[in-house]
Amino acid sequence: MHAEVDGAGFPLAYLFLEYNGKCGDGVKTEIIRKFILQLKEKGLNPEFILSDKDWAQLKACHLTWPKAKVQLCRWHINRAVTTRLKSDQMVVRDTYNGYMAHQRFSFIDPKFIQPLMIPRNTKFCPKELRTSC
């Protein structure tokens, strides 16, 4: 946990957590929640939370501070985009269901097809066609 005061970052607390993914659902979230709850009890009430998109972390923060606005850290966004652009491999994600999305958010067209749901032989952007920076 870090705080920003007048444009400068200050470390508040660290949690070192060894997690091998073999625990039951919610174990990691609960450990993080208990950790950040101690900060809340000391008066920490953030307006914004930046995250690296760790779902357990996001859920714990939302449970603890439901009114805080959660945003993905800019550094992690840049790294994800850069990593994706360096790769010729297709992202495999076939769990999207337009009809289920429409049921949850009525403004989504149920026939919408994600851009990533393109034929497997299609390349994102071949490396040989990319310009170097």
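Everything discussed here concerns the structure shown above.
Structure report, in brief. Since we're looking at a predicted model, the values are computed, not measured.

Estimated volume of the largest pocket: approximately 1,000 Å³. If you go around the largest pocket, you meet 28 residues; those closest to its centre are Met-1, His-2, Ile-49, Leu-50 and Gln-57. Contributing elements (two or more residues each) for the lining of the largest pocket: strand 1 (2–5), helix 1 (27–41), strand 3 (48–51) and helix 2 (55–64). Here the residues of the lining of the largest pocket sort into 18 nonpolar, five polar and five charged.

It is worth spelling out helix 1 at this point. Here helix 1 spans 21 Å end to end across 15 residues, near enough to the 21 Å set by a 1.5 Å rise per residue. When we look at burial in helix 1, the residues that qualify are Lys-28, Thr-29, Ile-32, Phe-35, Ile-36 and Leu-39. Down the axis of helix 1, the smallest arc covering the buried residues is 135 degrees, so these residues share one side. In helix 1, the exposed positions that point more than 90 degrees away from the buried face belong to Gln-38 and Glu-41. A positive phi of about 105 degrees marks Gly-43, the residue just after helix 1.

This brings us to the packing of helix 1 against helix 2. Axis separation between helix 1 and helix 2 bottoms out at 8 Å; the angle between their running directions is 40 degrees. Between helix 1 and helix 2, the angle is such that the two are oblique. The two elements helix 1 and helix 2 meet at a crossing, and its hand is right-handed. Between helix 1 and helix 2, the contacting residues are Lys-28, Thr-29, Ile-32, Arg-33, Ile-36, Leu-37 and Lys-40 on the first element and Ala-56, Gln-57, Lys-59, Ala-60, Cys-61, Leu-63 and Thr-64 on the second.

The rules we used
Residues numbered from 1 in each chain as written. Predicted model: local features only at pLDDT ≥ 70, side-chain atom pairs only at ≥ 80, totals over all residues. Heavy atoms only, no water. 1 Å grid on protein atoms, 1.4 Å probe; cavity = no way out; pocket = protein on both sides within 12 Å on 5 of 7 lines; lining within 4 Å. Points joined across faces, edges and corners; volume = space filled by probe spheres on them. Helix = DSSP H or I, 4+ residues; strand = E, 2+ residues; numbered from the N terminus. Nonpolar A, V, L, I, M, F, W, Y, C, P; charged D, E, K, R; others polar. Expected span 1.5 Å × (residues − 1). Buried < 20%, exposed > 50% of the residue type's maximum accessible area, 1.4 Å probe, protein only. Arc of directions from axis to C-beta. Axes fitted to C-alpha atoms, helices over the stretch in contact; angles between N-to-C directions. Parallel < 35°, antiparallel > 145°, perpendicular 65-115°, else oblique. Left-handed = near helix turned anticlockwise from the far one by under 90°. Contact = heavy atoms within 4.5 Å.

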